[in-house]
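Chains, contacts and geometry: an overview
As a plain string of letters, each chain reads:
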Amino acid sequence: MHQFLLREPSKKTTAAEKGKIILSRIRKVIQTHFPELFKSFNNLTDRRKREEYSMTEIIAGALFMFILKETSRNAYNNDSGDEQFQKNFFKYFGIRLPHADTIDDVLRVLHPEELEVLKMHLVRGLIEQKIFRKFRFLGKFYTIAVDATGMATFEQRHCEQCLSKTSKNGVVTYFHYVLEAKLVTLTGLSISLASEFIENTPGRDFKKQDCEQKAFVRLATKIKKHFPRLPICILADGLYPNNTVFNICEKNNWKFIITLKDKSLKTFQTEANLLKATAWKKNVYRADTTTGTTLEYAYLNDIEYMGRCFSWVECNETVVNIKSKTKVPQRFVYITNIPVDQQNIIETADSGRLRWKIENEGFNAQKNWGYELEHKFSRVSYFALQNYYQMLQIAHIINQLVERSNAVVEIMKEHSKQTIVDLWKKMIAYLTIYQCDESITMPYQPG
Ligand SMILES: [Zn+2]
């Protein structure tokens, strides 16, 4: 005989409760970490003649396009155009969300530097709140990963600043790249400290196109200007071990851990390889339920490169799958201006590998987890393209803090299949369907 099991009434969080929790956490993160956020939007240059909405509402609209993980301006319009949604949103944040076209008109004429400076101000606030203190490398340095990523590609020239490339069969594509400096932590935070757009200068020779190397010089100047006393350790990939970068780091009093590819800095690597037998080594074994990992660390100090001495760090990793016994070996080599010793070798090599976080938690998250980094929010204006990009960075910072709050971590633990994207969908549903009973303590009162 069959025995039917009745489902016990679930003690787990309901869909509506989940939506409400996410919404409340977003408001809480803004109130706690960025109390002046909405107010600061009103200080941006307003070039409009007619003012149906305040600058705060316009810029907050752009910000919430990304906080709510709307995938396009149209998706944003559909949600924010709903009457119930508007009422509920106002109850939570005390602002009205304008139509996407109204936002776009403003973002096309607002100088992108204004939003970049605002973003840096917000990040400085987080640093002052000591959010990243416990993640500092050697108890002192903030690990800043530097890397470039594509923002958009176009078949036709999109604006005068477009970069271009011609394929083998003569097809020209136009694209935009941005060089990012992100504060990264072992726990996966990836916070945009500064962004430098890699752009074509109108009228300049095609062969002299801007590139990541040139953009790094400008990016470094910007970071030094806005974070003059911040103890920084730059993490960068195999494109970066060169004298220009070493000089910049020395001048700015920055530490660096930079990936060495087999062919880069040949004289430096040859000397390191000659002395390798004498290098101090340390082996570590780490295991979890599925894999066992052997890490073999080695280092050498005082290796000369063009009149200066740096340290060489190597980590040979072998990951063994416990079940299948398959082995995956990998080798990581770094050049650093940190004198390495037996105490700091593991932390130094492991911090070098943190650079990878900018690709994973930074760029991939922004491309694939609802932020649509590559979606063409603006097809015509270079200013707007950059401004949407900055709003995406600020939204991503806010959402990372929301995702790490205890309430959200607890929901994620309830069910192994629970995803962040699903929680955000529940929030949109909550805003659209329910009559929020929220007694408002608004972070911003218009007027
Ligand atoms: Zn363009």
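Relevant structure appears above.
Let me sum up the structure you'll find in this document. (Residues numbered from 1 in each chain as written. Predicted model: local features only at pLDDT ≥ 70, side-chain atom pairs only at ≥ 80, totals over all residues. Heavy atoms only, no water.)

A full pass over the atoms with the stated rule returns 23 salt bridges. For Arg73, the salt bridge is made with Asp104, and the minimal N-O distance between the two is 3.5 Å. Within this pair, whereas Arg73 is found in helix α4 (residues 73–80), its partner Asp104 is found in helix α6 (residues 100–107), the two being separated by 31 residues in sequence. Overall, the relative accessible area of 2% leaves Asp104 in the buried class. In this structure, Lys426 engages Asp422 in a salt bridge whose closest nitrogen and oxygen atoms are separated by 2.9 Å. In this pair, Lys426 and Asp422 are both assigned in helix α15 (residues 420–433), 4 residues apart and thus about one turn of the helix distant. One network of salt bridges, with partners in common, ties together Glu116, Lys119, Glu196, Asp210, Arg218 and Lys222. (Salt bridge = Lys/Arg side-chain N within 4 Å of Asp/Glu carboxyl O. Helix = DSSP H or I, 4+ residues; strand = E, 2+ residues; numbered from the N terminus. Buried < 20%, exposed > 50% of the residue type's maximum accessible area, 1.4 Å probe, protein only.)

Further remarks concern the environment of Glu271. Relative to the helices and strands, Glu271 is located in helix α10 (residues 266–275). Residues Glu271 and Arg133, 138 residues apart in the sequence, show an inter-C-alpha distance of 37 Å. Residues within four places of Glu271 in sequence aside, it is in contact with Ile303 and Glu304. (Contact = heavy atoms within 4.5 Å.)

Turning our attention to the packing of helix α1 (residues 15–33) against helix α5 (residues 83–93). Two elements in contact, α1 and α5, have axes whose closest approach is 10 Å; the angle formed by their N-to-C orientations is 40°. Taken together, α1 and α5 sit at an angle that is classed as oblique. Residue-level inspection shows Lys20, Leu23, Ser24, Ile26, Arg27 and Ile30 of α1 in contact with α5, the latter providing Lys91, Tyr92 and Phe93. (Axes fitted to C-alpha atoms, helices over the stretch in contact; angles between N-to-C directions. Parallel < 35°, antiparallel > 145°, perpendicular 65-115°, else oblique.)

A few words on the packing of α1 against α15. Viewed as axis vectors pointing N to C, α1 and α15 meet at an angle of 95°, and their least axial separation amounts to 7 Å. Comparing the axis directions of α1 and α15 gives the class roughly perpendicular. Residues Ala15, Ala16, Lys18, Gly19, Lys20, Ile22, Leu23 and Ile26 of α1 pack against Leu423, Trp424, Lys426, Met427, Tyr430 and Leu431 of α15. Class assignment for the residues of the contact of α1 with α15 results in 10 nonpolar, 1 polar and 3 charged. (Nonpolar A, V, L, I, M, F, W, Y, C, P; charged D, E, K, R; others polar.)

Quick look at the pairing of strand β8 (residues 291–305) now. For strand β7 (residues 280–287) and β8, the ladder comprises 8 bridges, and the chain directions are antiparallel. Its bridge partner being in β8, Arg286 is matched across the sheet by Thr293. Joining the antiparallel neighbours β7 and β8 is a turn of 3 residues. As paired elements, β8 and strand β9 (residues 308–321) share 13 bridges and run antiparallel to each other. Note on β9: the bridge partner recorded for Leu300 is Trp312. (Pairing = 2+ DSSP bridges.)

Ranked by size, the top nonpolar core spans 109 residues in total, and within it Phe41, Ile59, Phe64, Phe93 and Ile398 carry the most contacts. Look past the residues within four positions of Phe41 in its chain and what remains in contact with it is Met55, Thr56, Ile59, Ala60, Leu63, Leu118 and Met391. Counting residues in hydrophobic clusters, the runner-up holds 22 residues, among them Phe141, Cys315, Leu354 and Ile358. (Core = buried A, V, L, I, M, F, W, Y, C linked by side-chain atoms within 4.5 Å.)

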